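Survey of secondary and tertiary structure
One letter stands for each residue in the lines below.
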Amino acid sequence: MTKAAILRAARHLLARHAHADITLKAVADRAGVSPPLILKYFGNKETLFSQVMSFETDAEALLDAPLERLGRHMVRHVLVSQTEHGADPLLRIVFAPLHGEQGDILRANFRTQVGDRLAARLSGPDAGLRAELAVGTLLGLGVMFGIARGTHLRAAELDEIVDRCAPVVQAQLTP
């Protein structure tokens, strides 16, 4: 679990600070470990952040539902990730402009590992556009819930938010 805690800490920091401003000490402090332990697991900062910039594991969990229930699953996953795990599976893409060349890697990973992967599951016309619209809706929800901390949104029951938002996402997933 220590390696997972380090990755969570680094993702949290990457969603809030420029890559160049994040130190191994900051990651270690957030994870509750020592900087040498990070080096033991990852070797260096760049290796750690190459894993942090991957959306592969997040995409697997986000897209792990049958297509007819995928919108509901994705909305719930974003909200539960924030409320129970303290991290949004997608939100770090919002901060890509802060990361220079690393931001380009983040964007490319996001497109292929999330957007393209979702589009490949969709049938009918404009699958790529519909996938991006669905993911864009999830990003907006994540920003409003996790960054803007909308008071009404955060006061609502999770099931109410899912009931209201899932049909919007699902509408993009079906032709």
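So, here's what we can say about the structure.

1. Focus on the pattern of salt bridges
Following the criterion strictly, the structure yields 8 salt bridges and no others. We note a salt bridge from glutamate 56 to arginine 117, for which the minimum N-O separation is 3.1 Å. A residue pair is termed long-range when its members are at least 10 positions apart, and glutamate 56 in helix α5 (residues 56-62) and arginine 117 in helix α7 (residues 100-121) qualify at 61 residues. Residue arginine 117 is classed as partly exposed on the basis of its relative accessible area of 30%. Residue glutamate 160 pairs with arginine 164 through a salt bridge whose shortest N-O separation is 3.4 Å. Of this pair, glutamate 160 and arginine 164 both sit in helix α10 (residues 158-173), 4 residues apart, which is roughly one turn of that helix. Residue classification places glutamate 160 among the partly exposed residues on the basis of a relative accessible area of 37%.

2. Some details on the packing of aromatic side chains
Applying the stated criterion across every chain yields a total of 2 aromatic pairs. Centre to centre, the rings of phenylalanine 55 and phenylalanine 110 are 5.1 Å apart; their planes meet at 75°, and the pair counts as edge-to-face. On the criterion of sequence distance, the pair formed by phenylalanine 55 in the loop between α4 (45-52) and α5 and phenylalanine 110 in helix α7 is long-range, its members being 55 residues apart. Across the pair, phenylalanine 110 and phenylalanine 55 agree in class, each one buried. Note that arginine 92 overlies the ring of phenylalanine 55, its terminal NZ or CZ placed 4.1 Å from the centroid. Over the ring of phenylalanine 145 we find arginine 154, and its NZ or CZ is 4.5 Å from the ring centre.

3. What about the packing of helix α8 (residues 127-147) against α10?
Running from amino to carboxyl end, α8 crosses α10 at an angle of 155°, the nearest separation of the two axes being 7 Å. Compared by their axis directions, α8 and α10 come out roughly antiparallel. Within the contact between the two elements, α8 uses Arg130, Leu133, Ala134, Thr137, Leu138, Leu141 and Phe145 and α10 uses Ile161, Cys165, Val168, Val169, Gln172 and Leu173. Each residue belonging to the contact of α8 with α10 can be placed in one class, and the counts come to 10 nonpolar, 2 polar and 1 charged.

4. A closer look at the side chain of histidine 12
Relative to the assigned elements, histidine 12 resides in helix α1 (residues 2-14). Look at histidine 12 and you get buried, because its relative accessible area is 15%. In this structure the side chain of histidine 12 is engaged in a polar contact, spanning 3.3 Å, whose partner is the side chain of arginine 30. Dropping the residues within four chain positions of it, histidine 12 is found in contact with Arg30 and Gly86.

5. Considering the nonpolar core
Counting 52 residues, the largest nonpolar core has Val27, Leu48, Met74 and Leu118 as its most contacted members. Top element by residues in this core is α8. It accounts for 8 residues.

6. Description of the environment of glutamine 172
The topology assignment puts glutamine 172 in helix α10. Take glutamine 172: its relative accessible area is 22%, and that puts it in the partly exposed class. Taking the C-alpha atoms as reference points, glutamine 172 and alanine 127, 45 residues apart in sequence, are found 8.7 Å from one another. With sequence-adjacent residues up to four places away left out, glutamine 172 is seen in contact with Leu122, Arg130, Leu133 and Ala134.

Each value, and the rule that gives it
Residues numbered from 1 in each chain as written. Predicted model: local features only at pLDDT ≥ 70, side-chain atom pairs only at ≥ 80, totals over all residues. Heavy atoms only, no water. Salt bridge = Lys/Arg side-chain N within 4 Å of Asp/Glu carboxyl O. Helix = DSSP H or I, 4+ residues; strand = E, 2+ residues; numbered from the N terminus. Buried < 20%, exposed > 50% of the residue type's maximum accessible area, 1.4 Å probe, protein only. Phe/Tyr/Trp six-rings, centres within 6.5 Å; stacked < 30°, edge-to-face > 60°. Lys NZ or Arg CZ within 6 Å of the ring centre and 35° of its normal. Axes fitted to C-alpha atoms, helices over the stretch in contact; angles between N-to-C directions. Parallel < 35°, antiparallel > 145°, perpendicular 65-115°, else oblique. Contact = heavy atoms within 4.5 Å. Nonpolar A, V, L, I, M, F, W, Y, C, P; charged D, E, K, R; others polar. Polar contact = N/O pair within 3.5 Å; in protein donor to acceptor, adjacent residues only side chain to side chain. Core = buried A, V, L, I, M, F, W, Y, C linked by side-chain atoms within 4.5 Å.

Everything listed here is a matter of coordinates, which is why it stays silent on function.
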